[in-house]
Amino acid sequence: RGAIYLVNRGANSLSFSTYIVNMADKLNAKGDCRKSIEIVEDYIENNEYTSHDRAICANILACAYQKLGDIEKQKENLLISSIADLQSPVREYISLRQLAVLLFKEEISRTPISFSE
């Protein structure tokens, strides 16, 4: 854990956040979601970041939690990412769309569908 913020002290903040995002994304793709979560949460805890960076990190966490089957943590991070997206000058609303689809699917699965005439 200590290596992450030691590296950051001499690194450009933008390139370091890009490095963390790429590493976490690769870990998620390989199925090592717990390590991805650890890296991103450590970055968030020990570094300054923009609202755009926060949105990306929360989206990566949401992806990891989805793969682990933790839907509540997935929703929590999609919500954090959506709020950060809205605060960011970069208008990327992917998390908001993902959250809307997830909530819609949850509601559909709870609502009985009647095909009566």
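Throughout this description, residue numbers start from 1 for each chain and increase along the sequence as written. Only residues with pLDDT of at least 70 get local features here, since the model is predicted, and only at 80 or more are side-chain atom pairs given and counted; chain-wide, interface and lining totals rely on the full set of residues. Excluded from the side-chain calculation are hydrogens and water; included are all heavy atoms of the structure.

*Asks:* Before we move on, could you go through the packing of helix H4 (residues 51-68) against helix H5 (residues 71-87) and cite the residues and values that matter?
*Replies:* Axes here mean lines fitted to C-alpha atoms, for a helix over just the part in contact, with angles spanning 0 to 180 degrees between N-to-C directions. Numbered from the N terminus, helices here are DSSP runs of H or I no shorter than four residues, and strands are runs of E no shorter than two. One way to put it is that H4 packs onto H5 with a least axis distance of 8 Å and a crossing angle of 160°. If you check the angle between H4 and H5, you find them roughly antiparallel. The element H4 and its partner H5 pack so that their crossing is left-handed. Each of Ser51, Arg54, Ala55, Ala58, Asn59, Leu61, Ala62, Tyr65 and Gln66 in H4 lies in contact with H5, whose residues at this interface are Lys73, Gln74, Asn77, Leu78, Ile80, Ser81, Ala84, Asp85 and Gln87. Across the contact of H4 with H5, the residue classes tally to eight nonpolar, seven polar and three charged. When describing relative orientation, an angle under 35 degrees is termed roughly parallel and one over 145 degrees roughly antiparallel, while 65 to 115 degrees is termed roughly perpendicular and anything else oblique. Here is the rule for handedness: rotate from the far helix to the near one, and if that takes an anticlockwise turn smaller than a right angle the crossing is left-handed, while a clockwise turn gives right-handed. Contacts: residue pairs with any heavy atoms within 4.5 Å of one another. Nonpolar residues are Ala, Val, Leu, Ile, Met, Phe, Trp, Tyr, Cys and Pro. Charged residues are Asp, Glu, Lys and Arg, and all others, Gly as well, are polar.

*Asks:* Provide a residue-level description of the nonpolar core, including the pertinent values.
*Replies:* The term nonpolar core refers to a set of buried residues drawn from Ala, Val, Leu, Ile, Met, Phe, Trp, Tyr and Cys, joined through side-chain atoms within 4.5 Å. Only protein chains enter the accessibility calculation, which uses a 1.4 Å probe; a residue is then buried when its area is under 20% of its type maximum, exposed when over 50%, and partly exposed in between. Ranked by internal contacts, the top residues of the largest apolar core, which has 16 residues, are Val40, Tyr43, Ile44 and Leu61. Here this core takes six residues from helix H3 (residues 33-46), the largest share from any one element. When sequence neighbours within four positions are dropped, the list of residues in contact with leucine 61 reads Ile37, Val40, Glu41, Ile44 and Asn77.

*Asks:* Tell me about the side chain of lysine 75, residues and numbers included.
*Replies:* Here lysine 75 lies in helix H5. Within the structure, lysine 75 has its side chain in polar contact with the side chain of glutamate 72 (distance 3.1 Å). Ignoring sequence-local partners within four residues, the contact set of lysine 75 consists of Leu99, Leu102, Leu103 and Glu106. Polar contacts, as used here, are pairs of N or O atoms within 3.5 Å; protein pairs need one atom able to donate a hydrogen and one able to accept it. Residues neighboring in sequence count only if both atoms are side-chain atoms.

*Asks:* Explain the packing of aromatic side chains to me, using residue names and the numbers behind them.
*Replies:* Centre distance within 6.5 Å is the pairing criterion for rings of Phe, Tyr and Trp, where only the six-membered ring of Trp is used; planes under 30 degrees apart are then read as stacked, over 60 as edge-to-face, and the remainder as tilted. Considering all chains together, one arrives at two aromatic pairs under this definition. Their ring planes at 40° and their centres at 6.3 Å tell us that tyrosine 43 and tyrosine 49 sit as a pair that is tilted. Using a relative accessible area of 34% as the deciding quantity, one classes tyrosine 49 as partly exposed. Among the aromatic residues, ring-to-ring pairing joins Phe16, Tyr43 and Tyr49 into one connected group.

*Asks:* Any chance you could break down the packing of H3 against H4 for me, citing the residues and the numbers?
*Replies:* Where H3 contacts H4, the axes come no closer than 9 Å and their chain directions differ by 155°. In terms of orientation, H3 and H4 fall into the roughly antiparallel class. Between H3 and H4 lies a crossing of left-handed hand. Counted together, Cys33, Arg34, Ser36, Ile37, Val40, Glu41, Tyr43 and Ile44 of H3 and Asp53, Arg54, Cys57, Ile60, Leu61, Ala64, Tyr65, Lys67 and Leu68 of H4 form the full contact between these two elements. Looking at the contact of H3 with H4 residue by residue, the class counts come to 11 nonpolar, one polar and five charged.

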